[in-house]
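# A structural walkthrough
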Amino acid sequence: MKKYFLLFFLLSTVSIVNNSCKKDSGQGGRASIKGRVFALNYNSNSMSYALDSGYVGGQKVYIVYGDGAAVGDNQDTNYDGTFEFPYLRPGKYKVFTFSKNKVNHLDSAVIKTTEITARKQTVELPDLKIKTSKN
């Protein structure tokens, strides 16, 4: 009887330790996600033609870990429109920023989804293209 109890105890302990080592998407790893924000600047009176365009600094970019609905972190873009979310674990991610909607002039999200599959991977996202009316 003692042998069965000891065997059960060891298997339970191994199972608990094994399941507790699995980590979901989020901070604490060695991977990163990088990208840039590209803006088309429209006249605030008419969103029909762009006045100018380029990579924009100071734009807030957000990241959502896994299938969650809450924002996990945010960054402002550098002067050249670049951003980076470092120290991520393998998993699924959503990166987004906001753009002006041409129809009702409200903000809408520009979202890119990606997945990190390796511990030290760097994912380079396509440009997040937004519309602004800052003139």
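The coordinates are above.
Since the structure is predicted, the reported quantities are computational estimates derived from the model, not experimental observations.

Basis of the calculations
- Residues numbered from 1 in each chain as written.
- Predicted model: local features only at pLDDT ≥ 70, side-chain atom pairs only at ≥ 80, totals over all residues.
- Heavy atoms only, no water.
- Helix = DSSP H or I, 4+ residues; strand = E, 2+ residues; numbered from the N terminus.
- Contact = heavy atoms within 4.5 Å.
- Polar contact = N/O pair within 3.5 Å; in protein donor to acceptor, adjacent residues only side chain to side chain.
- Core = buried A, V, L, I, M, F, W, Y, C linked by side-chain atoms within 4.5 Å.
- Buried < 20%, exposed > 50% of the residue type's maximum accessible area, 1.4 Å probe, protein only.
- Pairing = 2+ DSSP bridges.

### Quick notes on the environment of glutamine 121
Locating glutamine 121 in the fold gives a position in the loop between strand 7 (107-116) and strand 8 (122-124). Taking the C-alpha atoms as reference, glutamine 121 lies 10.0 Å from glycine 29; in sequence the two are 92 residues apart. With residues near it in sequence (within four places) discarded, glutamine 121 still touches Ala31, Ser32, Glu115 and Ile116. In terms of polar contacts, glutamine 121 uses its side chain to reach the backbone amide nitrogen of threonine 117, at 2.7 Å. Within the structure, the side chain of glutamine 121 is placed 3.1 Å from the backbone nitrogen of alanine 118, a separation counted as a polar contact.

### Quick notes on unusual backbone geometry
A positive phi is found at tyrosine 87, a non-glycine position, where the angle reads about 60°. Note on placement: tyrosine 87 falls in strand 5 (residues 82-88).

### Here's the deal with the nonpolar core
Counting 19 residues, the largest nonpolar core has Ile33, Ile63, Phe83, Leu88 and Val95 as the members making the most contacts within it. Elements with a contribution of two residues or more to this core: strand 1 (27-43), strand 3 (60-65), strand 5, strand 6 (91-100), strand 7 and strand 9 (128-132). Ranked by the residues each element gives to this core, the list is headed by strand 1, at four residues. Residue contacts for isoleucine 33: discarding those within four places in its chain leaves Ile63, Phe83, Glu84, Phe85, Leu88, Tyr93, Val95, Thr114, Ile116, Val123 and Leu125.

### Concerning the pairing of strand 9
What you see with strand 9 is a clean split: Leu128, Ile130 and Thr132 sit on the buried side and Lys129 and Lys131 on the side with no burial. Two elements, strand 1 and strand 9, share five bridges in a ladder whose sense is parallel. Bridge pairing links asparagine 41 to threonine 132 in strand 9.

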